[in-house]
Amino acid sequence: MSKRHGVLGLLCVVSVITFLDRLAIPMAESGIRGDLHLTPDQWGWVLSSYVLANALFEIPSGALGDSHGQRRELTRITVWWSAFTALTAWCRTFWQMASARFLFGVGAAGAYPNAAGVISRWFPKKEHAQAQGFVWGSSRLGGALAPLLLVPLERRFGWHAIFWVLGGVGLAWSAVWWAWFRDEPAEMPGISTAELAEIRAGQLAHGTARGGIPWRQLFALPQLWLIVLAYFCYAWGSWFYFGWFPTWLVRGAGFSVAQMGIFASFPFVMGFIGNLIGGAVSERMVVRYGRRRTYRWITGVCLTVGGGLLLGMSEAHSHTAIIVLATLGFGVMDLMLPSAWAMCMSLGGRFGGTATGMMNTAGNLGGWLCTVLFGYVVGATGDYNLPLRAVAVMVLVAAVLFSRIDCTKGLADESA
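These numbers come from a predicted model, not from an experiment.

Colleague: Would you take a moment to explain the overall build of the protein for this structure?
Modeller: If you tally the helices and strands in the protein, you get 20 helices and zero strands. Here the C-alpha radius of gyration of the protein, 20 Å, is about what a compact globule of 416 residues would show, namely 22 Å. Seen along its three principal axes, the alpha-carbon backbone of the protein occupies a region of about 55 × 40 × 40 Å. Across the 416 residues that make up the protein, the buried fraction comes to 60%.

As structure tokens, then:
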């Protein structure tokens, strides 16, 4: 096995862990809300505290990785978030829980932009979308495992045990990453000359050395701001699944907690498949149609279909129809994710970690706003489907915006 595939394997493992940790709170909703006596709007703030912190610290963390290396930054990120994951188990009030989740988000910010930075250094450009497909597919595998593993764990040992176990798992990964990974392929012990030549031949013409972040040039890219806005709108759809979806199944669609523990995994299984297919299809289409047309088509079409499926889900009454629509909706939206991230990496060039940090910051802000407003709408109306329809509309807006992005007008192309 090549060294870069070993690197990708470790990124996939931490992506699984990341989503297990993210979804621990919604999976433990019944136990936490029962013990802490939280209202729907308070629960919305608990869910969104992580998202807000992640948004605020996403760009600084991505920039630190680009400037000083992802080995150190991903180690810091994982140690921090694992510590606050474990500390969540000791929370006894609303404010403690919201604060712990906020601090968890401060630490976790930048995980995916730094993974993108690793991919940009370690993989030829033609492999970027497929590598992103594996990383994001692994996140969905973590999402699929969360209800299957964490709901039974909570029912047997209580919700506190979830956070102690996950904290230990994250610390173990960070130790392995620090001991084995190197920022530059040439620094990796045992890497072959042939693999180094393959990586370098497929890199951007201006090299991969670290340095200062060209903030002025990045901020002057209209296409980067367009993808930032598009990702803000898209993230309403993804963060509905990350936060409110388990609660919606039980309190809005009439599923039991036991049923939720099974069916809540289905969209993430489809997301896993969608990311792998999306990465492979994107790579092949780029060769035939070019980056601009490929990424526009895949993102625009997938989000249009995904938004329509969410609207259908909000009107469905049959449990079977709900699960089918929910599963397909998330899977189709995720099929476009490798293309969206490869699109942003293309705009950022060597500073793909910073560029994707900007995009993901907007996504987290969209997710935060969606998560908070969802709780207030439910608290005011008692209707779980009304905010879901608003989520669907935002996804459709994202489809239009993504279809207008020209990823060839970025730093890499302007400096060529």
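The discussion continues.
Colleague: Would you explain the pattern of salt bridges in this entry?
Modeller: Two side chains carrying opposite charge are able to pair once their charged atoms lie near each other. Per the counting criterion, the structure on display carries eleven salt bridges. A cluster of three or more residues bridged by salt bridges with shared partners is formed by Arg-4, Glu-127, Glu-195 and Glu-198.

Colleague: Sorry if this is basic, but what is going on with the packing of aromatic side chains here?
Modeller: Aromatic rings in a pair are described by how distant their centres are and how their planes are angled relative to each other. Under the criterion given, the structure shown has 34 aromatic pairs. With a centroid separation of 5.1 Å and 45 degrees between ring planes, the pair formed by Tyr-241 and Phe-245 is classed as tilted. Here the residue Tyr-241 and the residue Phe-245 both occupy positions in helix H12 (residues 222-252), the gap between them amounting to four residues, near one helical turn. In this pair, the class of Tyr-241 matches that of Phe-245, namely buried. The positively charged end of Arg-71 is found above the aromatic ring belonging to Trp-178, 3.7 Å away from the centroid.

Colleague: Just checking my understanding: could you explain helix H16 (residues 319-335) for this structure?
Modeller: In an α-helix, one turn spans 3.6 residues; hence positions three or four apart end up facing the same way. Taking 1.5 Å of rise per residue, the 17 residues of H16 would be expected to cover 24 Å, and the 24 Å separating its terminal C-alpha atoms lies within 8% of that figure. Those residues of H16 that sit buried are Ile-322, Ile-323, Ala-326, Thr-327, Gly-329, Phe-330, Gly-331, Met-333 and Asp-334. One side-chain oxygen of the residue at the start of H16 lies 3.3 Å from the amide nitrogen of Thr-320, identifying that residue as Ser-318.

Colleague: I keep staring at the side chain of Arg-4 and nothing clicks. Help me out?
Modeller: The residue Arg-4 is located in helix H1 (residues 3-22) in this model. Look at Arg-4 and you get buried, because its relative accessible area is 5%. In contact with Arg-4, not counting residues within four places along its chain, are Trp-122, Phe-123, Pro-124, Glu-127, Glu-195, Glu-198 and Ile-199.

Colleague: What's the story with the packing of helix H8 (residues 128-157) against helix H14 (residues 266-289) in this structure? I'm lost.
Modeller: How two helices pack is summed up by the angle between their axes together with the distance between the axes. At their nearest, the axes of H8 and H14 sit 7 Å apart, and the two run at 175 degrees to each other. As judged from the angle between their axes, H8 and H14 are roughly antiparallel. Only Phe-268, Val-269, Gly-271, Phe-272, Asn-275, Leu-276, Gly-279, Ala-280, Ser-282 and Glu-283 of H14 make contact with H8, whose side of the interface consists of Ala-129, Gln-130, Gly-133, Phe-134, Trp-136, Gly-137, Ser-138, Arg-140, Leu-141, Gly-143 and Ala-144. When the residues that make up the contact of H8 with H14 are grouped by side-chain class, the tally is ten nonpolar, nine polar and two charged.

Colleague: What is the right way to look at unusual backbone geometry in this model?
Modeller: Most of the time, phi is negative for any residue but glycine, and the peptide bond is trans. With a phi close to 55 degrees, His-37 is a non-glycine residue in the positive phi region. Residue position: His-37 is located in the loop between helix H3 (29-36) and helix H4 (40-68).

Colleague: Which parts of the structure should I look at to understand the nonpolar core?
Modeller: Here is a general trend for soluble globular proteins: nonpolar side chains tend to be buried in one another's company. Residues Ile-32, Phe-240, Tyr-241, Trp-248 and Phe-402 are the most contacted members of the largest nonpolar core, which totals 132 residues. In terms of residues, this core owes the most to one element, H12, which gives 17 residues. In this view, Phe-402 contacts Ile-227, Ala-230, Tyr-231, Tyr-234, Arg-296, Thr-299, Leu-303, Ala-340 and Met-343; residues no more than four positions away in its chain are not counted.

Colleague: Hey, could you run me through a nonpolar patch on the surface in this one?
Modeller: On the surface, Val-269, Ile-273, Ile-277 and Val-281 cluster together into a nonpolar patch covering about 280 Å² of accessible area. Along the polypeptide, Val-281 turns up in helix H14. When its relative accessible area of 33% is taken as the criterion, Val-281 is described as partly exposed.

Colleague: Hey, could you run me through the environment of Gly-44 in this one?
Modeller: In this fold, Gly-44 is placed in helix H4. The buried category is assigned to Gly-44, whose relative accessible area is 0%. In this structure the C-alpha to C-alpha distance between Gly-44 and Gly-6, which are 38 residues apart in sequence, comes to 38 Å.

Colleague: Just to check I follow, could you spell out helix H10 (residues 193-201) for this structure?
Modeller: Restricting attention to buried positions, one finds in H10 the residues Glu-195, Leu-196 and Ile-199. Considered in projection along H10, the buried side chains sweep an arc of 100 degrees and stay on one side of the axis. Within H10, the exposed residues directed more than 90 degrees away from the buried face are Thr-193, Ala-194 and Ala-201. Elements in contact with the buried residues of H10: H1 and helix H7 (111-122).

Colleague: I keep staring at the side chain of Asp-406 and nothing clicks. Help me out?
Modeller: With respect to the element layout, Asp-406 can be found in the loop between helix H19 (385-402) and helix H20 (411-414). For Asp-406, the side chain forms a polar contact with the side chain of Thr-408, separated by 2.5 Å. Excluding residues within four positions of it along the chain, Asp-406 makes contact with Gln-223, Arg-292, Arg-296 and Leu-347.

Colleague: So what exactly am I meant to see when it comes to the environment of Leu-303 here?
Modeller: Its place among the elements puts Leu-303 in helix H15 (residues 291-315). Taking the C-alpha atoms as reference points, Leu-303 and Leu-335, 32 residues apart in sequence, are found 9.2 Å from one another. The residues touching Leu-303, leaving out its near neighbours within four places in the chain, are Tyr-234, Met-333, Met-336, Val-395, Leu-396, Ala-398, Ala-399 and Phe-402.

Colleague: Help me out: how do you make sense of the environment of Ala-89 in this one?
Modeller: If you trace the backbone, Ala-89 turns up in the loop between helix H5 (70-87) and helix H6 (94-108). Along the backbone, Ala-89 and Thr-247 are 158 residues apart, and their C-alpha atoms lie at a distance of 20 Å. Not counting the four nearest positions on each side in its chain, Ala-89 is found in contact with Trp-159, His-160, Phe-163 and Trp-164.

Reading the values: rules and limits
Just so you know, the residues in each chain are numbered from 1, in the order the chain's sequence is written. Residues qualify for local features only when their pLDDT is at least 70, as the model is predicted, and side-chain atom pairs are given and counted only at 80 or more; totals for whole chains, interfaces and linings, by contrast, use all residues. The basis for the side-chain values is all heavy atoms of the structure; hydrogens and waters are excluded. Think of it this way: any DSSP run of H or I at least four residues long counts as a helix, any run of E at least two long counts as a strand, and we number them from the N terminus. Only C-alpha atoms enter the radius of gyration, while the globule expectation follows 2.2 Å times N to the 0.38, with N the number of residues. The buried label goes to any residue with under 20% of its type's maximum accessible area, the exposed label to any with over 50%, and the partly exposed label to all in between, with areas taken from a 1.4 Å probe on protein chains only. Basic side-chain nitrogens of Lys or Arg form a salt bridge, by our definition, when they fall within 4 Å of a carboxyl oxygen of Asp or Glu. Note on aromatic contacts: the rings of Phe and Tyr and the six-membered ring of Trp form a pair at centre separations within 6.5 Å, being stacked when their planes are under 30 degrees apart, edge-to-face when over 60 apart, and tilted otherwise. A positively charged side chain is recorded as over a ring if its NZ (Lys) or CZ (Arg) lies within 6 Å of the ring centre. The angle to the ring normal must also be within 35 degrees. An expected span of 1.5 Å times one less than the residue number is assigned to each helix. Nitrogen and oxygen atoms within 3.5 Å of one another constitute a polar contact, given that in protein one can donate a hydrogen and the other can accept it, and given that sequence-neighbouring residues count only through two side-chain atoms. Note on contacts: a residue pair qualifies if any of its non-hydrogen atoms lie within 4.5 Å across the two residues. To define axes, lines are fitted to C-alpha atoms, for helices over the stretch in contact only, and angles between the resulting N-to-C directions are given on a 0 to 180 degree scale. Orientation labels follow simple angle bins: below 35 degrees gives roughly parallel, above 145 gives roughly antiparallel, 65 to 115 gives roughly perpendicular, and whatever is left gives oblique. Ten residues, namely Ala, Val, Leu, Ile, Met, Phe, Trp, Tyr, Cys and Pro, are considered nonpolar, four, namely Asp, Glu, Lys and Arg, are considered charged, and the remaining ones, Gly among them, are considered polar. In plain words, nonpolar cores are sets of buried Ala, Val, Leu, Ile, Met, Phe, Trp, Tyr and Cys residues tied together by side-chain atoms within 4.5 Å. Patches in this entry comprise residues that are over 30% relatively accessible and not in a salt bridge; like charges within 9 Å are linked, as are nonpolar side chains (Val, Leu, Ile, Met, Phe, Trp, Tyr) within 5 Å. Here the Shrake-Rupley method, with its probe set to 1.4 Å, supplies the accessible areas, and only the displayed protein chains count as covering residues. Throughout, the arc means that of the directions going from the helix axis to the C-beta atoms.

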